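Chain residues, written in single-letter form:
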Amino acid sequence: MQELIELGAETFVVPGNLPIGCSAAYLTIYYGSDKVEYDNTTGCLIMLNKFAEYHNELLQTALNQIREVHPDVNIFYADYYNAAMQFFRSPNKYGFTNGALKACCGGGGPYNYNALVGCADPSSTSCAQPETYANWDGLHLTEAAYQVIFKSLFQGAYTTPHFNSLCPTSHLQARDASSSLVQSF
């Protein structure tokens, strides 16, 4: 960041880690582990989510130090962890009727993830309605899940500072359904 600031960058959005304990890949690797390691409300691995939270705390501390040294630079922390935890805690509320943990595209098993069978593999399976899944392939989220995260960050309260506090005239406008979202300032 220091080098980019020296080159004239004035605004940064720095993402934190996602809740990796909710990843189908890690859930598959640790499948069969003692049930004490799973969160009762989400089914996610507690140890890995605590690790992601710890990483995010250290990242925020480092960002605060950079803010002190460069008070004229806008540095936003994007809280991917808590933005995503919304749909891991309540998948149906966000339209993920096939759940948040099982992958849409994968190689079978309880989470439809197999490290040896990628989505392009002929033996992989793919869901008919990816918008009803939060997890795409065990490692990545679906477009629908990223839309929830996007709205939570840029239209909600999951950035520090809040995005609209430093960009009060910003607005997001959706063009027609076939085009992407356009952000204008």
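Structural data are supplied above this passage.
Starting from 1, residues in each chain are numbered consecutively following that chain's sequence as written. For this predicted model, a pLDDT threshold of at least 70 governs which residues receive local features, and a threshold of 80 or more governs which side-chain atom pairs are given and counted, while totals over whole chains, interfaces and linings are taken from all residues. Excluding hydrogens and water, the side-chain figures rest on all heavy atoms present in the structure.

Novice: I'd like a description of the side chain of Thr-42, backed by residues and values.
Specialist: Here Thr-42 is to be found in the loop between α2 (24–29) and α3 (46–69). The rule is simple: take the accessible area with a 1.4 Å probe, protein chains only, and divide by the maximum for that residue type; under 20% is buried, over 50% is exposed, in between is partly exposed. In this structure Thr-42 comes out as buried when scored by relative accessible area, which is 9%. Think of a polar contact as two N or O atoms within 3.5 Å of one another; within protein, one of them needs to be a possible hydrogen donor and the other a possible acceptor, and neighboring residues in sequence only count if both atoms come from side chains. At a separation of 3.1 Å, a polar atom in the side chain of Thr-42 contacts the main-chain amide nitrogen of Cys-44. Only DSSP runs of H or I with at least four residues qualify as helices, and only runs of E with at least two residues qualify as strands; both kinds are numbered from the N terminus onward.

Novice: I'd like to hear about the state of the cysteines, residue by residue, with values.
Specialist: When two cysteine sulfur atoms are found within 2.5 Å, that pair is recorded as a disulfide. Applying the stated criterion across every chain yields a total of three disulfides. Two residues share a disulfide in this structure: Cys-22 and Cys-44, whose sulfurs sit 2.0 Å from each other. Here the S-S torsion is close to 110 degrees, and the disulfide linking Cys-22 with Cys-44 is therefore right-handed. You can see Cys-22 sitting in the loop between β1 (11–15) and α2 and its partner Cys-44 sitting in the loop between α2 and α3, a full 22 residues away along the chain. Comparing Cys-22 with Cys-44, the two get one shared label, buried.

Novice: I'd like to hear about the pairing of β1, residue by residue, with values.
Specialist: Side chains Phe-12 and Val-14 project from β1 onto a buried face, and the interleaved Thr-11, Val-13 and Pro-15 project onto a face without burial. Sheet topology places β1 next to strand β2 (residues 74–78); five bridges connect them, and they run parallel. Residue pairing across strands places Val-14 opposite Tyr-77, the latter belonging to β2. Two strands form a pair only when DSSP identifies at least two bridges running between them.

Novice: Could you give an account of the environment of Ile-75, with specific residues and numbers?
Specialist: Here Ile-75 shows up in strand β2. Judged by its relative accessible area of 1%, Ile-75 is buried. In this structure the C-alpha to C-alpha distance between Ile-75 and Val-13, which are 62 residues apart in sequence, comes to 6.1 Å.

Novice: I'd like a description of the layout of surface pockets, backed by residues and values.
Specialist: One number sums up the size of the largest pocket: a volume of about 200 Å³. Gly counts as polar in this scheme, as do all residues outside two lists: the nonpolar Ala, Val, Leu, Ile, Met, Phe, Trp, Tyr, Cys and Pro, and the charged Asp, Glu, Lys and Arg. Class assignment of the residues belonging to the lining of the largest pocket gives a composition of 10 nonpolar, four polar and no charged. A pocket, in this scheme, is an open set of points on a 1 Å grid over the protein atoms alone with protein on both sides within 12 Å along at least 5 of 7 lines, while a cavity is a set where a 1.4 Å probe fits but cannot get out; residues line either one if an atom lies within 4 Å of a point. Grid points are joined across faces, edges and corners, and a volume is the space filled by probe spheres set on the points.

Novice: Just give me the short version of the sheet that holds β2, but keep the residues and values in it.
Specialist: With respect to topology, three strands assemble into an open sheet ordered β1-β2-β5, the strand pairing being mixed. The open sheet has two edge strands with one neighbour each: β1 and β5 (159–160).

Novice: I'd like a rundown of the pairing of β2, residues and numbers included.
Specialist: With four of five residues buried, β2 is to be regarded as a mostly interior element. Sheet topology note: the β2/β5 ladder contains two bridges and is antiparallel. Each residue of the ladder has a partner; that of Ala-78, found in β5, is Thr-159.

Novice: Would you mind going over the nonpolar core in detail, with residue names and values included?
Specialist: Residues Phe-87, Phe-88, Phe-96, Leu-101 and Ile-149 are the most contacted members of the largest nonpolar core, which totals 29 residues. Those elements giving two or more residues to this core turn out to be α2, α3, α4 (80–89) and α5 (143–154). Top contributing element to this core by residue count: α4, with six residues. Should any heavy atoms of two residues lie within 4.5 Å, those residues are counted as being in contact. With near-sequence residues (within four places) excluded, Phe-87 lies in contact with Tyr-94, Phe-96, Ala-100, Ala-134, Leu-141, Ala-145, Val-148 and Ile-149. Membership of the second largest hydrophobic core comes to eight residues, among which are Val-14, Leu-59, Ile-75 and Tyr-77. For our purposes a nonpolar core is just a set of buried Ala, Val, Leu, Ile, Met, Phe, Trp, Tyr and Cys residues, chained together by side-chain atoms within 4.5 Å.

Novice: Before we move on, can you summarise the packing of α4 against α5 with the specific residues and values?
Specialist: Axis separation between α4 and α5 bottoms out at 9 Å; the angle between their running directions is 125 degrees. It follows that α4 is oblique to α5 by the angle criterion. Seen along the crossing, α4 lies across α5 with a hand that is right-handed. Side by side, α4 and α5 meet where Tyr-80, Ala-83, Ala-84, Gln-86 and Phe-87 of the first sit next to Ala-145, Val-148, Ile-149, Ser-152 and Leu-153 of the second. A breakdown of the residues in the contact of α4 with α5 according to their chemical character gives eight nonpolar, two polar and no charged. Orientation is described by axes fitted as lines to C-alpha atoms, over the contacting stretch for helices, and by angles from 0 to 180 degrees between their N-to-C directions. Here roughly perpendicular refers to angles of 65 to 115 degrees, roughly parallel to angles under 35, roughly antiparallel to angles over 145, and oblique to all remaining angles. Should the near helix be turned anticlockwise from the far one by less than a right angle, the crossing is left-handed, and should it be turned clockwise, the crossing is right-handed.

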